[in-house]
Amino acid sequence: MALLIQELAKTELLQNVSDDIMEQVSAHACPLELRPGELLLSPEQGNQHIYLLLSGTLTVHFNSPDSPVIRELTQGYSVGEMSIIDDTAPSAYVKAKEHCRVFPIHRDFLLNLIQNTHPIAYNLLRLLTQWMKANTQKIINDQLQILELANQANIDGLTGLYNRRWLDNALPRILTQMIKFAQPLCILIIDVDHFKKYNDIQGHQGGDLALITLGNVLKKNIRPYDFATRFGGEEFMVLLPNTNQTVGIALAERIRLETENQIITHPGGSAMPGITVSIGLAISDSSSTANSLFAAADKQLYLAKQSGRNCIKY
């Protein structure tokens, strides 16, 4: 009994509890042995106990006992608090990671102790706070991971611009918003001139460097509320919300001129030939659709190529 009291005294729930209360608790029940993999708590089964972990490690899982571990509990911690407080089934699966010894305290006995023992009430509140903090951090981490995966799915790996997947979803949405507020959406379709020939002569690495260079020009020149995308091999599109033709032409010319003046450097240090771009510009109206706006800009891009390239048509 004395050894059990020493073990119980090391648990988080029973810190600073008087000797007479410790004797009552130790006489209340006997420790339970859990084999590795054995379930202690399950949402499918009701629970009337809080379990103090005397030795070993418990793991907590959502959805199923075989789902990823969301938390590990080591010696001194307890489990089952939430279902004890609100008298509901456990919200997660708890199982032994290794051989464990747990001490069960029945709900009725615990509530009676809380009414008469302030340290236990304080400790229980502290444990519940730790659980809530841990769960909150888990939610935050999951949200960050989801955001990171979403970004990876929508970002072109070479240039760092938005990709075709993002464009297909965003263009109709942005256009609808512009029409709703009677504002124009200006789009630029940008194509690297003679890119196949450039790629054949400079190699794929040289071609990639040219695309990265153009991507950097777009990032530098668009406004915070504009969007630059790479939607094909050497094809790019810039979305300019609430932008009239005059402003759109000025931005397109800045992109064209700065691209022409860029110095592209091979990783070995040698200078490579520069690139030029042809740009087709279109402005939405109240009857525009994503397809019609794209087709209008693509038609202007074709005219730019027919006019000798390295120019803007609108």
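So, how was this worked out
- Residues numbered from 1 in each chain as written.
- Predicted model: local features only at pLDDT ≥ 70, side-chain atom pairs only at ≥ 80, totals over all residues.
- Heavy atoms only, no water.
- Core = buried A, V, L, I, M, F, W, Y, C linked by side-chain atoms within 4.5 Å.
- Buried < 20%, exposed > 50% of the residue type's maximum accessible area, 1.4 Å probe, protein only.
- Helix = DSSP H or I, 4+ residues; strand = E, 2+ residues; numbered from the N terminus.
- Contact = heavy atoms within 4.5 Å.
- Phe/Tyr/Trp six-rings, centres within 6.5 Å; stacked < 30°, edge-to-face > 60°.
- Pairing = 2+ DSSP bridges.
- Axes fitted to C-alpha atoms, helices over the stretch in contact; angles between N-to-C directions.
- Right-handed = clockwise from strand over helix to strand, strands pointing away.
- Salt bridge = Lys/Arg side-chain N within 4 Å of Asp/Glu carboxyl O.

### Notes on the nonpolar core
As a rule of thumb, soluble globular proteins bury nonpolar side chains together.
And then number 1: Ranked by size, the top nonpolar core spans 27 residues in total, and within it Leu 188, Ile 190, Leu 214, Leu 218, Val 238, Ile 255 and Ile 279 carry the most contacts.
And then number 2: Among the elements of the structure, strand E9 (185–192), helix H7 (195–221), strand E11 (235–241), helix H8 (245–260) and strand E14 (277–283) are those that each provide at least two residues to this core.
And then number 3: Counting residues per element, this core draws most heavily on H7, which supplies seven residues.
And then number 4: For Ile 255, the residues in contact, after removing those within four places along its chain, are Leu 188, Ile 190, Val 217, Leu 218, Asn 221 and Ile 279.

### Describing the packing of aromatic side chains
Given two aromatic rings, one states the distance between the centres and the angle between the planes to describe the pair.
And then number 1: The final tally for this structure, using the stated rule, is four aromatic pairs.
And then number 2: Residues Trp 166 and Phe 227 carry aromatic rings whose centres are separated by 5.3 Å and whose planes lie at 40 degrees to one another, so their mutual orientation is tilted. Pair noted here: Trp 166 is in helix H6 (residues 164–180) and Phe 227 is in strand E10 (residues 227–230), with a separation of 61 residues, a long-range link.
And then number 3: Classification of Trp 166 by relative accessible area gives buried; the value is 10%.
And then number 4: On the basis of relative accessible area, Phe 227 is assigned to the partly exposed category, the value being 22%.
And then number 5: Measuring from ring centre to ring centre gives 5.7 Å for Phe 231 and Phe 294, while their planes differ by 80 degrees; the resulting arrangement is edge-to-face. Residue Phe 231 is located in the loop between E10 and E11, and its partner Phe 294 is located in helix H9 (residues 290–306); the two are separated by 63 residues in the primary sequence.
And then number 6: The partly exposed category is assigned to Phe 294, whose relative accessible area is 27%.
And then number 7: Taken together, the aromatic side chains of Tyr 162, Trp 166 and Phe 227 make up a single cluster linked through ring pairs.

### Brief notes about the sheet that holds strand E7 (residues 93–96)
And then number 1: Strands sit in the order E2-E7-E4-E5 across an open sheet of four strands; the sheet is antiparallel. On the outer flanks of this sheet lie strand E2 (39–41) and strand E5 (69–73), each paired with one strand and no other. When the angles between neighbouring strand axes are averaged without regard to direction, this sheet yields 30 degrees.

### Observations regarding the pairing of E14
And then number 1: When you tally the buried positions in E14, you get six out of seven residues, the bulk of the element.
And then number 2: When E9 meets E14, the two strands line up antiparallel, connected through seven bridges. Across the sheet, residue Ile 187 finds its bridge partner in E14, namely Ala 282.
And then number 3: What joins E14 to strand E15 (residues 312–313) is H9, and the crossover it makes is left-handed.

### Things to note about the environment of Pro 273
And then number 1: Along the chain, Pro 273 falls in the loop between strand E13 (271–272) and E14.
And then number 2: For Pro 273 and Gln 202, which are 71 residues apart along the polypeptide, the C-alpha to C-alpha distance reads 8.7 Å.

### Overview of the sheet that holds E14
And then number 1: Strand order in this open sheet of five strands is E10-E11-E9-E14-E15, and the pairing throughout is mixed. In the strand order of this sheet, the two ends are held by E10 and E15, each with one partner.
And then number 2: Contacts between H8 and the sheet are confined to E9, E11, E14 and E15, with E14 contributing the most and set at about 170 degrees to the helix.
And then number 3: In the packing of H9 onto the sheet, the strands contacted are E9, E11, E14 and E15, and the crossing angle to E14 comes to about 145 degrees.

### What about the environment of Ala 92?
And then number 1: Looking at where Ala 92 falls in the secondary structure, it is placed in the loop between helix H3 (81–86) and E7.
And then number 2: We classify Ala 92 as buried; its relative accessible area is 9%.
And then number 3: For the pair formed by Ala 92 and Val 60, sequence separation is 32 residues and the distance between their alpha carbons is 6.6 Å.
And then number 4: Apart from the residues within four sequence positions on either side, Ala 92 is in contact with Leu 41, Ser 42, Pro 43, Val 60, His 61 and Phe 62.

### Comments concerning the pattern of salt bridges
And then number 1: In the structure shown here, the tally under the stated rule is 14 salt bridges.
And then number 2: One salt bridge connects Glu 72 with Lys 97, and the closest N-O pair in it is separated by 2.8 Å. Within this pair, whereas Glu 72 is found in strand E5, its partner Lys 97 is found in the loop between E7 and strand E8 (100–106), the two being separated by 25 residues in sequence.
And then number 3: Of the residues examined, Lys 97 reaches a relative accessible area of 49% and is grouped as partly exposed.
And then number 4: For Glu 253, the salt bridge is made with Arg 256, and the minimal N-O distance between the two is 2.6 Å. Highlighted residues: Glu 253 and Arg 256, both in helix H8, separated by three residues, approximately one helical turn.
And then number 5: Given the relative accessible area of 11%, Arg 256 is considered buried.

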